[in-house]
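# Working through the structure, step by step
The lines below spell out each chain.
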Amino acid sequence: MQQTTVEYSSHLEKVSPSKPPSADASIRTHSQPNGLSTAMRPLCWRSLRSTVRDRWHSVLVVFLSMWLVAGALFWYLDEGGGGLATWLLGSLGVAGSAALLWIGVFDLSSWRMRQLTSAVEQIAAGDLNARVPAHKHGEIGALSDALNRMAERLQRQSRKRSRERDRLDTVLQVMNDGVIMLNKHGYVSILNPAAAQILNVKADDALDKSFVQVVKDYRVADVWLACVEHNLEHSATLELTSDVYIRVIVTPFLRGDANGFLVLLQDLSHLHRLETIRRDFVSNLSHELRTPLASLKALVDTLRDGALEDPPAATHFLERMEIEVDEMTQMVQELLELSRIESGQVPLRLFPTTIAALVEPVVERLQPQAERAQLTLHLFLESKLPEVLVDTDRIRTVLLNLLHNAIKFTPAGGTIIVRARLSAESLPGVAPDVVVISVTDSGIGIPAEEVPRIFERFYKADRARSGGGTGLGLAIAKHTVHAHNGQIWVESTEQIGSTFFFTLPLVHIPLISR
């Protein structure tokens, strides 16, 4: 019979079960009306014929033995006076009756054995619901009870294994770490979705293949080979690509005997990015503080060396010191403000506000600065824009930072455009029922590799052209927009310009409690 292959929907493992229950007409399942199935009842013609076919030697021996015994008995009792016909018919009748009785006894016994055989075949085929009707007496009854107890025990163990497999399947499915189980020859038997994602392979394609073929990286394979060689746990931290870091842990199965290996793949990319941001933050903060501190040190040394005796020079130096102190004070205040916004300690004063009342004061405030920089500043608002639910002062600060950066990084003769529109179908990933505000400039642009980090604290894409500022404005803008359940992002091309977008929820959209 052709075997079938069953796959779990989770693609974790393949199982090749034994052949399905027999389709023979003499076997039926326990759920059918007659209990355990047999195709024929005892003492029916088919059953008797089957018994005679299987036991004809015994029937023949019984018939001949009884015929001889009955013939001798009839001959002795008749003393030779009854004739040959009477003797022959009488002995044949007794022998035939004894043979039929013997056939009936054997047929009943064979029927019970056929029941046991049918049950064993169904259990062997995987039908653990099969049972034998109880026979209270005799060896066959004891055998039937033992067979039923065995089937019940197997059924309980099967249910237990099924529950354990479901638990294992659930654990492997929801784990963030990749899990690969190898047999003793190094072929993949189980691969969870996290491992498939980390290795960028398909689970179906990886099963029953060698570990080296699946990982396609000699460094990962070397960790497994070291575990195979020493039969001890080995681990290593590897950089698969420029932004993917993993920790590989390979350990043999606990019961030893080289039965297989467990491979764990821990994705450390997120932790590596956080560590990079932390280092850059410390470096940037040190860089931003070094300049004013060095300037203050030089001014103090100059005053101590005799500048105090020159009142005009002393006054000038004190003014410079005040400027440096104010710059450091602003930096600390912005850091504290950013920390409060991130921690949710700053309450938002949300009120319905029109887009015009939100945007026009900021544009009017920076219009003179744009004119001094020989830039053209335009404002375009769609008609009948709905109100938004915002903290007006904080959103104006966001727009102020974006406009100030646009003026700073746009050469003379350039153009800056501020737009506000509803939803904007041309922008993928933007939720409906929001207002999208954008600030577009024709400035120097941002390098593509710097765009993902432009909203980090103190991060400046090009320090040589960054000018003044603390480098915290975009970080504050990002967290302020996120506090309003909005999104902020940038699209930029070097030497062509940049466009910063952010979204604001409408009045009827409830905000998440923060």
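Residues numbered from 1 in each chain as written. Predicted model: local features only at pLDDT ≥ 70, side-chain atom pairs only at ≥ 80, totals over all residues. Heavy atoms only, no water.

### Examining the sheet that holds strand 4 (residues 188-191)
Taken in spatial order, the 5 strands of this open sheet run 4-3-7-6-5, and their pairing is antiparallel. Both outer strands of the open sheet, strand 4 and strand 5 (234-241), are each paired with one neighbouring strand and no more. Here the average twist between neighbouring strands, direction ignored, is 20 degrees. Pairing of strand 5 with strand 6 (residues 244-252), which is carried by 7 bridges, proceeds in the antiparallel orientation. Note that in strand 6 the partner of Ala-236 across the bridge is Val-248. Across the face of the sheet, helix 7 (residues 218-230) comes into contact with strand 3 (178-183), strand 5, strand 6 and strand 7 (260-267) while running at roughly 170 degrees to strand 5. (Pairing = 2+ DSSP bridges. Helix = DSSP H or I, 4+ residues; strand = E, 2+ residues; numbered from the N terminus. Axes fitted to C-alpha atoms, helices over the stretch in contact; angles between N-to-C directions. Contact = heavy atoms within 4.5 Å.)

### Considerations on the nonpolar core
With 37 residues, the main nonpolar core has Leu-403 and Phe-502 as its most contacted residues. Going through the elements one at a time, helix 10 (355-372), strand 10 (388-390), helix 11 (392-408), strand 11 (415-422), strand 12 (434-441), helix 12 (473-483), strand 13 (488-493) and strand 14 (497-505) are the ones with two or more residues in this core. The residues contacting Leu-403, other than those within four sequence positions of it, are Val-362, Val-363, Leu-366, Leu-377, Ile-416, Val-418 and Val-439. Counting residues in hydrophobic clusters, the runner-up holds 25 residues, among them Leu-182, Leu-191, Ala-195 and Val-220. (Core = buried A, V, L, I, M, F, W, Y, C linked by side-chain atoms within 4.5 Å. Buried < 20%, exposed > 50% of the residue type's maximum accessible area, 1.4 Å probe, protein only.)

### Some remarks on the packing of aromatic side chains
Scanning all chains against the criterion turns up 4 aromatic pairs. Measuring from centroid to centroid gives 5.8 Å for Phe-211 and Trp-224, while their planes differ by 65 degrees, and the two rings are edge-to-face. A residue pair is termed long-range when its members are at least 10 positions apart, and Phe-211 in helix 6 (residues 211-215) and Trp-224 in helix 7 qualify at 13 residues. Consider the rings of Trp-224 and Phe-261, whose centres lie 6.4 Å apart with planes at 90 degrees: the pair is edge-to-face. Note that Trp-224 is positioned in helix 7 and Phe-261 in strand 7, a separation of 37 residues in sequence. Side by side, Trp-224 and Phe-261 carry an identical accessibility label, which is buried. Through successive ring pairs, a cluster of aromatic residues spans Phe-211, Trp-224 and Phe-261. (Phe/Tyr/Trp six-rings, centres within 6.5 Å; stacked < 30°, edge-to-face > 60°.)

### Focus on the pattern of salt bridges
Side-chain pairs of opposite charge can arise where the charged atoms are in close proximity. This structure, assessed with the given rule, holds 6 salt bridges. The closest approach of N and O atoms between Lys-297 and Asp-301, which form a salt bridge, is 3.8 Å. Pair noted here: Lys-297 and Asp-301 are both in helix 8 (residues 269-304), with a separation of 4 residues, about one helical turn. Residue class for Lys-297 comes out exposed when judged on its relative accessible area of 52%. By relative accessible area, which is 27% here, Asp-301 ends up partly exposed. Linked through salt bridges whose partners overlap, the residues forming this network are Lys-297, Asp-301 and Arg-304. (Salt bridge = Lys/Arg side-chain N within 4 Å of Asp/Glu carboxyl O.)

### Some details on the sheet that holds strand 11
The mixed open sheet is built from 5 strands, whose spatial order is 9-11-12-14-13. Strands at the two margins of the open sheet, each flanked by one partner only, are strand 9 (376-381) and strand 13. The average angle at which neighbouring strand axes cross in this sheet is 15 degrees, direction not considered. Where strand 11 lies against strand 12, 7 bridges are found, and the strand directions are antiparallel. Considered in strand 12, the bridge of Val-418 is made with Val-439. Across the sheet, helix 10 lies against strand 9, strand 11, strand 12 and strand 14, angled at about 170 degrees from strand 9, the strand it touches most. Sheet strands in contact with helix 12 are strand 13 and strand 14, and its direction is about 135 degrees off that of strand 13.

### Side note on the side chain of Ser-492
For Ser-492, the position within the fold is in strand 13. There is a polar contact of 2.7 Å between the side chain of Ser-492 and the backbone nitrogen of Ile-446. (Polar contact = N/O pair within 3.5 Å; in protein donor to acceptor, adjacent residues only side chain to side chain.)

### Overview of the packing of helix 10 against helix 11
As a packed pair, helix 10 and helix 11 sit with axes 9 Å apart at the nearest point and diverge in direction by 30 degrees. Taken as a pair, helix 10 and helix 11 cross one another with a handedness that is right-handed. When helix 10 is examined against helix 11, the residues Ala-357, Leu-358, Val-359, Pro-361, Val-362, Val-363, Arg-365, Leu-366, Gln-369 and Ala-370 are found in contact with a partner set consisting of Thr-392, Ile-395, Arg-396, Leu-399, Leu-400, Leu-403, His-404 and Ile-407. For the contact of helix 10 with helix 11, a count of residues per class yields 13 nonpolar, 3 polar and 2 charged. (Left-handed = near helix turned anticlockwise from the far one by under 90°. Nonpolar A, V, L, I, M, F, W, Y, C, P; charged D, E, K, R; others polar.)

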